[in-house]
Amino acid sequence: MHKFDPKNVEKLDNPTRRKYMPPYKTLEKFGLKLKGGGVFLDVGCGIGYFTIPAAKILTNGRAIGIDILDEMLELAQERSKGIENIEYIKCGEYDFPIDNNFADYVMLSNVLHEIEDKGRYINEIKRILKENGRVFIIEWKKIDTNYGPPTNHRISQEEVVKWFENVGLKFVSEIEVSEHHYGLIFEK
């Protein structure tokens, strides 16, 4: 499986990514509202690209980022200094140290294509999601581009919908994220 290399951390936040996938605007497209509440869980949070804006949007809630890499969590914590309603937790690839029915929102941005056992992974997401909670997926469109993972590692919207529906999550809608990415919303 293609895995993100922490040596390429500059790819996670740069002017090009901010232009094509502005974090605040992207979260608003998914339905996060300013002064909102609830728990936002960013799975594979990396440097906190979406975790930090989610904490600032959910002023009556909190944001939690989880990742398997210590380097990413350290960078995210550094970038989050002074934000009270945010925390970061190390996780295993298929084991999230999060209670059942805990999160109102679960985000996976460019993570799913890196996971080998998708059914097991999605079941873990379902476990931590509250009833009526929502899952936000961002993935690479299955097209050739001059950056990102190889095309044969990318997954189509139809495949993602099938996997999530197979574990009992309901497809809600697709959103436009960028010319290279699609967004999907699911609900428990």
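Nothing here was measured: the structure is a model prediction, and the numbers come from that model.

Student: Give me the packing of aromatic side chains: which residues, what numbers.
Tutor: Using the criterion set out here, one finds seven aromatic pairs in the structure. Consider the rings of Tyr 49 and Phe 50, whose centres lie 5.1 Å apart with planes at 90 degrees: the pair is edge-to-face. Here the two residues Tyr 49 and Phe 50 agree in accessibility, since each one is buried. By the ring-pair criterion, three or more aromatic residues cluster together here, those being Phe 30, Tyr 105 and Phe 136.

Student: How would you explain the pairing of strand S7 (residues 181–187) if you had to name every residue and give the values?
Tutor: By the criterion of burial, S7 is predominantly enclosed, with seven of the seven residues buried. Side chains His 181, Gly 183, Ile 185 and Glu 187 of S7 all project onto a buried face; the interleaved residues Tyr 182, Leu 184 and Phe 186 project onto the opposite face, where all are buried too. Relative to S7, strand S5 (residues 129–140) runs antiparallel, the two being bridged by seven bridges. The residue of S7 that forms the bridge with Arg 134 is Glu 187. Between strand S6 (residues 170–176) and the antiparallel strand that follows it, S7, lie four residues.

Student: Go over the side chain of Ser 178 with me, naming the residues and quoting the values.
Tutor: Here Ser 178 lies in the loop between S6 and S7. Within the structure, the side chain of Ser 178 is placed 3.1 Å from the backbone nitrogen of His 180, a separation counted as a polar contact. What Ser 178 contacts, discounting residues up to four positions off in sequence, is Tyr 20 and Lys 141.

Student: Run through the pattern of salt bridges, naming residues and quoting values.
Tutor: Pairs can form between side chains of opposite charge whenever their charged atoms are close. Here the structure, examined in full by the defined rule, presents seven salt bridges. Between Lys 90 and Asp 70 there is a salt bridge, with its nearest N and O atoms 3.3 Å apart. Of the two residues, Lys 90 is situated in strand S3 (residues 86–90) and Asp 70 in helix H4 (residues 70–79); the sequence distance between them amounts to 20 residues. Residue classification places Lys 90 among the partly exposed residues on the basis of a relative accessible area of 43%. One salt bridge connects Arg 127 with Glu 124, and the closest N-O pair in it is separated by 2.8 Å.

Student: Any details on the nonpolar core? Residues and values, ideally.
Tutor: One finds Val 106, Leu 108, Tyr 121 and Val 135 to be the most contacted residues of the largest nonpolar core, which totals 33 residues. With 28 residues, the next largest nonpolar core counts Met 21, Leu 27, Leu 58 and Ala 76 among its residues.

Student: Go over the sheet that holds S7 with me, naming the residues and quoting the values.
Tutor: Taken in spatial order, the seven strands of this open sheet run S3-S2-S1-S4-S5-S7-S6, and their pairing is mixed. Strand pairing shows two members of the sheet lacking a second neighbour, S3 and S6, which therefore form its edges. Between one strand axis and the next, the sheet turns through 20 degrees on average, direction left out of account. In terms of strand pairing, strand S4 (residues 103–109) meets S5 through six bridges, oriented parallel. Residue pairing in the sheet places Tyr 105 in a bridge with Arg 134 of S5. Its contacts with the sheet put H4 on strand S2 (60–67) and S3, and the angle it makes with S3 is roughly 170 degrees.

Conventions used here
Residues numbered from 1 in each chain as written. Predicted model: local features only at pLDDT ≥ 70, side-chain atom pairs only at ≥ 80, totals over all residues. Heavy atoms only, no water. Phe/Tyr/Trp six-rings, centres within 6.5 Å; stacked < 30°, edge-to-face > 60°. Buried < 20%, exposed > 50% of the residue type's maximum accessible area, 1.4 Å probe, protein only. Helix = DSSP H or I, 4+ residues; strand = E, 2+ residues; numbered from the N terminus. Pairing = 2+ DSSP bridges. Polar contact = N/O pair within 3.5 Å; in protein donor to acceptor, adjacent residues only side chain to side chain. Contact = heavy atoms within 4.5 Å. Salt bridge = Lys/Arg side-chain N within 4 Å of Asp/Glu carboxyl O. Core = buried A, V, L, I, M, F, W, Y, C linked by side-chain atoms within 4.5 Å. Axes fitted to C-alpha atoms, helices over the stretch in contact; angles between N-to-C directions.

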